[in-house]
Amino acid sequence: MVSIDQIAKIRQRRVGKPNIAKLKKPPIWYFPSSQEREYTRILFSLTNELKELIKKIIIPAIPQLISEVESFYPSSDARKDDFQDEIKRLINTVIQDIKGKTDETIAEAEKVGARIAWYNKRQFDRITNSVFGIDIFIDQPWLQDQLKLFAGQNAQLIRSIPTQELSQVAQTIERGLQEGSRFHSMTQEIHERFGITRRRAKLIARDQTSKLNASLTKLRQQELGVEEYVWQTAGDERVRPSHKAHDGKKFQWDNPPKDTGHPGTDINCRCVAVPVLEGLLDI
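The following paragraphs examine the structure supplied in this document. (Residues numbered from 1 in each chain as written. Predicted model: local features only at pLDDT ≥ 70, side-chain atom pairs only at ≥ 80, totals over all residues. Heavy atoms only, no water.)

With that settled, the discussion passes to the nonpolar core. Counting residues in each nonpolar core, the largest one holds 48 residues, and the members touching the most others are Y39, I54, I58, I173 and L177. Secondary-structure elements contributing two or more residues to this core are α2 (33-58), α3 (62-72), α4 (76-132), α5 (143-179) and α6 (183-224). Membership of the second largest hydrophobic core comes to 22 residues, among which are V131, Y229, V274 and L280. (Core = buried A, V, L, I, M, F, W, Y, C linked by side-chain atoms within 4.5 Å. Buried < 20%, exposed > 50% of the residue type's maximum accessible area, 1.4 Å probe, protein only. Helix = DSSP H or I, 4+ residues; strand = E, 2+ residues; numbered from the N terminus.)

Structure below.
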């Protein structure tokens, strides 16, 4: 919480100054868009390498699989037993080859978490200094736990990118071989999967950036003693109607909106909470 000395300094600055009898309106609390873009770039690098490995290792092996399966026809048992082991071998080869890049991505994501925390603190400092006229210092006993939680959750999400992609690729090939699909049909479906995986990576970057930013915003404001905030949307066409309806309205930190939760907690939400600082000096 804010110390007694800090409150005294703020009150002292306001004594005898009728022109600041009312606290200034806090400036905009900005969303960490640059950190989100950085995280997206990092995840795209992983998905791009995964795509290249699939094109290099798995796709060239499909014609041989088709040929072997056709040679067993019409013995369906032989067909299934013959190609499944080879598909597993190909998938495991890609898993081993992508492991180093996956570990590198996890390490980079942890650094992004630290930069989101730094940006969030800068927003907090900018707003409190603008309103109170002094730098406010608060304890942050929760910060390292929040960063560890972010790192752990994102490590799981990052590992799931190649795992889910390769699982879908394997299913595509197995189904295609069982149904007698041709090479072009199977590879077209695999290429369509690349776009889905890329969109999922972008969603992870935005959603995880937003959730960490939202959590730190709440903790910093509560540490200051703030009980209420004003909902602020990103102000563009991508804001969903339920969030737009909250824009400019006050909410309490201990009573989140039932339909959306606090700003930034709903999936893919870029909204932020601007602190309500009136009454903070009446402690």
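Next comes the rest of the description.
On any regular strand, side chains alternate: one points to one face of the sheet, the next to the other face. Across three bridges, strand β1 (residues 228-232) lies against strand β2 (residues 250-252) in antiparallel orientation. Looking across to β2, one finds that E228 is bridged to Q252. Two elements, β1 and strand β3 (residues 272-275), share four bridges in a ladder whose sense is antiparallel. Counted as the bridge partner of Q232 is V272 from β3. (Pairing = 2+ DSSP bridges.)

Tallied over the full model, the rule gives four aromatic pairs. Pairing Y229 with W253 gives two aromatic rings, centres 4.4 Å apart and planes at 45°, and the pair type is tilted. Of this pair, Y229 sits in strand β1 while W253 is found in the loop between β2 and β3, placing the two residues 24 residues apart along the sequence. Looking at Y229, the relative accessible area reads 0%, which means it is buried. Taken together, a centroid distance of 5.9 Å and an interplanar angle of 70° make the contact between W231 and F251 edge-to-face. In this pair, W231 sits in strand β1 while F251 sits in strand β2, placing the two residues 20 residues apart along the sequence. In terms of burial, W231 and F251 fall into one category: buried. Clustering of aromatic rings is evident, with ring pairs tying together Y229, W231, F251 and W253. (Phe/Tyr/Trp six-rings, centres within 6.5 Å; stacked < 30°, edge-to-face > 60°.)

A few words now on the pattern of salt bridges. According to the stated counting rule, one finds 14 salt bridges in the structure shown. E104 is paired through a salt bridge with K101; the nearest N and O atoms lie 3.5 Å apart. Note that E104 and K101 are positioned in helix α4 at a spacing of three residues, about one turn of the helix. Taking relative accessible area as the criterion, E104 reaches 43% and is therefore assigned partly exposed. Among the residues examined, K101 registers a relative accessible area of 13% and is labelled buried. A salt bridge links D236 to R238, with the shortest nitrogen-to-oxygen separation between them at 3.8 Å. Among the charged side chains, a network of salt bridges with common partners joins D236, R238 and R270. (Salt bridge = Lys/Arg side-chain N within 4 Å of Asp/Glu carboxyl O.)

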